[in-house]
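Coordinates in review
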Amino acid sequence: MKPAVAPDPSVAAEAPLLEVRDLKTHLFTDEGVVRAVDGVDFTVPAGKTVCLVGESGCGKSMTARSIMQIVPPPGKVISGQVNLQRENGAILDLAALDPKGREIRKIRGREIAMIFQEPMSSLSPVHTIGNQVLETIRLHLTIGPAEAKRRALQS
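A brief look at the structure comes next.

1. Some thoughts on the layout of surface pockets
One number sums up the size of the largest pocket: a volume of about 1500 Å³. Ranked by residue count, the leading element in the lining of the largest pocket is helix H5 (residues 129-140), at 7 residues. Split by residue class, the lining of the largest pocket holds 23 nonpolar, 12 polar and 7 charged. Each pocket or cavity is described by its volume, and for the second largest pocket that value is around 250 Å³. As for the second largest pocket, its lining consists of Gln69, Ile70, Val71, Pro73, Gly75, Lys76, Val77, Ala95, Leu97, Pro99 and Lys100. Taken together, the residues of the lining of the second largest pocket break down into 7 nonpolar, 2 polar and 2 charged.

2. Some remarks on the nonpolar core
Buried together is how nonpolar side chains tend to be arranged in soluble globular proteins. Counting 21 residues, the largest nonpolar core has Leu18, Val20, Leu23, Ile67, Val82, Leu94 and Ile107 as its most contacted members. Broken down by secondary-structure element, the contributors of at least two residues to this core are strand E2 (18-29), strand E3 (32-44), helix H2 (60-68), strand E4 (75-85) and helix H3 (102-107). Those residues in contact with Leu18 that sit more than four places away from it in its chain are Phe42, Thr43, Val44, Ile67, Val82, Asn83 and Leu84.

3. What about the side chain of Gln69?
As for its position among the elements, Gln69 is in the loop between H2 and E4. Given the relative accessible area of 8%, Gln69 is considered buried.

4. Structural notes on the pairing of E2
Two strands pair when backbone bridges link them, and E2 and E3 are joined in this way by 10 bridges, in the antiparallel orientation. When the bridges of E3 are listed, Thr25 appears paired with Val37. Direction of pairing for E2 relative to E4: antiparallel, over a ladder of 8 bridges. Across the sheet, the residue bridging to Leu18 is Leu84, located in E4.

5. What to know about the packing of H5 against helix H6 (residues 145-154)
Running from N to C, H5 and H6 cross one another at 120°; their axes reach a closest spacing of 9 Å. On the basis of the axis angle, H5 is oblique to H6. The two elements H5 and H6 cross, and the hand of that crossing is right-handed. The residues of H6 that touch H5, namely those facing Val133, Leu134, Ile137 and Arg138, are Pro145, Ala148, Lys149, Arg151 and Ala152. In terms of residue class, the contact of H5 with H6 is built from 6 nonpolar, no polar and 3 charged.

6. With respect to unusual backbone geometry
With an omega of 10°, the peptide bond between Pro73 and Pro74 qualifies as cis. Inspection of the secondary structure assignment puts Pro74 in the loop between H2 and E4. Positioned with a positive phi, Asp22 is a non-glycine residue whose angle comes to about 50°. Secondary-structure assignment places Asp22 in strand E2. At Gln69, a residue that is not glycine, the phi angle is positive and equals roughly 60°.

Parameters and conventions
Residue numbering note: each chain is counted from 1, following its sequence as written. In keeping with the model being predicted, local features are shown solely for residues with a pLDDT of at least 70 and side-chain atom pairs are shown and tallied solely at 80 or more, while totals for entire chains, interfaces and linings include all residues. In computing side-chain properties, one takes all heavy atoms of the structure into account and sets aside hydrogens as well as water. Space inside and on the surface of the protein is sampled on a 1 Å grid over the protein atoms alone, with a cavity defined as a set of points where a 1.4 Å probe fits but cannot get out and a pocket as an open set with protein on both sides within 12 Å along at least 5 of 7 lines; lining residues have an atom within 4 Å of a point. Grid points are joined across faces, edges and corners, and a volume is the space filled by probe spheres set on the points. Helical segments are the DSSP runs of H or I of at least four residues, strand segments are the runs of E of at least two, and each set is numbered from the N terminus. Any residue that is not Ala, Val, Leu, Ile, Met, Phe, Trp, Tyr, Cys, Pro, Asp, Glu, Lys or Arg is counted as polar, Gly included; the first ten are nonpolar and the last four charged. We define the nonpolar core as a collection of buried residues of types Ala, Val, Leu, Ile, Met, Phe, Trp, Tyr and Cys that are connected through side-chain atoms lying within 4.5 Å of one another. Classification of residues uses two cut-offs on accessible area relative to the type maximum, computed with a 1.4 Å probe and protein chains only: under 20% is buried, over 50% is exposed, and between them is partly exposed. Between two residues, a contact is recorded if the distance between any of their heavy atoms is within 4.5 Å. Paired strands, in this sense, are two strands between which DSSP finds at least two bridges. Only C-alpha atoms enter the line fits that serve as axes; for helices the fit covers just the stretch in contact. Angles between N-to-C directions range over 0 to 180 degrees. Reported orientations rely on four angle classes, namely roughly parallel under 35 degrees, roughly antiparallel over 145, roughly perpendicular from 65 to 115, and oblique for the rest. Two helices cross in a left-handed way if the nearer one is turned anticlockwise from the farther one by less than a right angle. They cross in a right-handed way if the turn is clockwise.

Have a look at this one:
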C-alpha cells in the first residue's frame, strides 16, 4: 500500500498541513493494554498554530510521538491516519510508514519535528546549541557550512 497521494495543485492549496484522523496508540504491558491515544482527530491548517491542551498524563506527548512515529516500546500506533502535506503538495500518511524506515527518517527534523519539554533530554550539554542546530540542518539539507549557519541564525 502506497501512503503518498499524487499532488493536485488545485486541492493542495486548500489541504491542511496536517490532518490526524482516528489515531490510536496502545501500550502492550504485562498488566494489559493501555489506550494511550484512543481515537484522536484534529487538523492543523497551513500557516496556523494548533495547541493540544490537557492535564498531565492525558496523552499529549504520546500523540506527538505517534505523529512522528517515535513511540517508545511497549507502545505501537495501531490505527489511524496522519496525513502530512508535503512541500510539493503531495499528501503522505505518516502512520502508514515503517517507524524505522528511511522515508520517515528523512521527514523527521526536515518537514516535521518535536521539541521536547525537558532540554537536558534533548540537547547535549557538551556541545553548543548553535552547533546542534547546525548539525540538524546539515543532516537534512545538502548545503555548505556557511549556508547552514545563515539558516540557523534565521531560526
